[in-house]
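Each chain, written out:
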Amino acid sequence: MTQRTKVAVLISGRGSNMEALVRAAQDPACPFAVALVLSNKPEAGGLVTAAEAGIEALAVDQRAFGKDREAHERAIDAALRERGIQVVALAGYMRILTPFLVEAWAGRMLNIHPSLLPKYPGLDTHGRALAAGEVEAGCTVHLVTAGVDEGPVLGQARVPILPGDTEHMLSDRVLEQEHQLYPATLAQFVRGL
């Protein structure tokens, strides 16, 4: 059997996309294994979910580092390297990364974003899409680069915007697509390494 690529998933909250990656990795044919779930917030609900799934769950509390974001990321980087992590998947990791971590994992760090990039990078993607009168929304998996949500697109899924849609309704439908797109795109990505 070929060695599976060791993936770390970085989260800040409940980690529903992390759960989708963990479910996908349970298939023996999946080319990646989720070896670590790491959060910048010890209270992140996804850490409990990961631990219950038998995956190492680690918090590197950002508050312990004050305003020194790079020092926080150096501690994260050390934890990743100690565990032999090969690819990092951001899944609701709600911090803008410094050049240190982006460069340390260049070409090996992915993110999922709830819009059809390059449209609507950053926050409030659904509200902005509705306000602009868009007819479709969706999600994008991309490589992480120095610019927020600017890295090369690896995969997208489209979701129609329906009459009467609220941000919450649209968000729920996009999230369903995220849970399918991220595992499939990550699998395709690691097969190409």
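Please read all numbers here as calculations on a predicted model, not as lab measurements.

### Considerations on the sheet that holds strand 3 (residues 56-59)
Overall, mixed pairing links the seven strands, which are arranged 3-2-1-4-5-6-7 in an open sheet. The sheet terminates laterally at strand 3 and strand 7 (153-160), the two strands that pair on one side only. Adjacent strand axes in the sheet meet at a mean angle of 20° when their direction is disregarded. Pairing of strand 6 (residues 136-143) with strand 7, which is carried by seven bridges, proceeds in the antiparallel orientation. Bridging across to strand 7, G138 finds its partner in R158.

### Some thoughts on the side chain of N111
Tracing the backbone shows N111 in strand 5 (residues 109-113). Taking the relative accessible area as the measure of exposure, N111 reaches 11% and is therefore buried. Polar side-chain contacts of N111 include one of 3.4 Å to the side chain of D149. Excluding residues within four positions of it along the chain, N111 makes contact with L90, T140, V141, H142, V144, D149 and Y182.

### What to know about helix 6 (residues 167-191)
Here helix 6 is 25 residues long and its end C-alpha atoms lie 35 Å apart, about the 36 Å a rise of 1.5 Å per residue gives. Buried within helix 6 we find L170, V174, L175, E178, L181, Y182, P183, T185, L186, A187, F189 and V190.

### Observations regarding the state of the cysteines
By the definition in use, this model includes zero disulfides. Its sulfur unpaired, C30 is 18 Å from the next cysteine sulfur, which belongs to C139. Residue C139 is classed as buried on the basis of its relative accessible area of 0%.

### Comments concerning the environment of Y93
Counting through the fold element by element, Y93 comes out in the loop between strand 4 (87-90) and helix 4 (99-104). Classification of Y93 by relative accessible area gives buried; the value is 8%. Spatially, the C-alpha atom of Y93 lies 15 Å from that of G147, the residues being 54 residues apart in sequence. Sequence-distant contacts of Y93, defined by excluding residues within four places in its chain, comprise L10, I11, S12, N40, H72 and I76.

The rules behind each value
Residues numbered from 1 in each chain as written. Predicted model: local features only at pLDDT ≥ 70, side-chain atom pairs only at ≥ 80, totals over all residues. Heavy atoms only, no water. Pairing = 2+ DSSP bridges. Helix = DSSP H or I, 4+ residues; strand = E, 2+ residues; numbered from the N terminus. Axes fitted to C-alpha atoms, helices over the stretch in contact; angles between N-to-C directions. Buried < 20%, exposed > 50% of the residue type's maximum accessible area, 1.4 Å probe, protein only. Polar contact = N/O pair within 3.5 Å; in protein donor to acceptor, adjacent residues only side chain to side chain. Contact = heavy atoms within 4.5 Å. Expected span 1.5 Å × (residues − 1). Disulfide = S-S within 2.5 Å.

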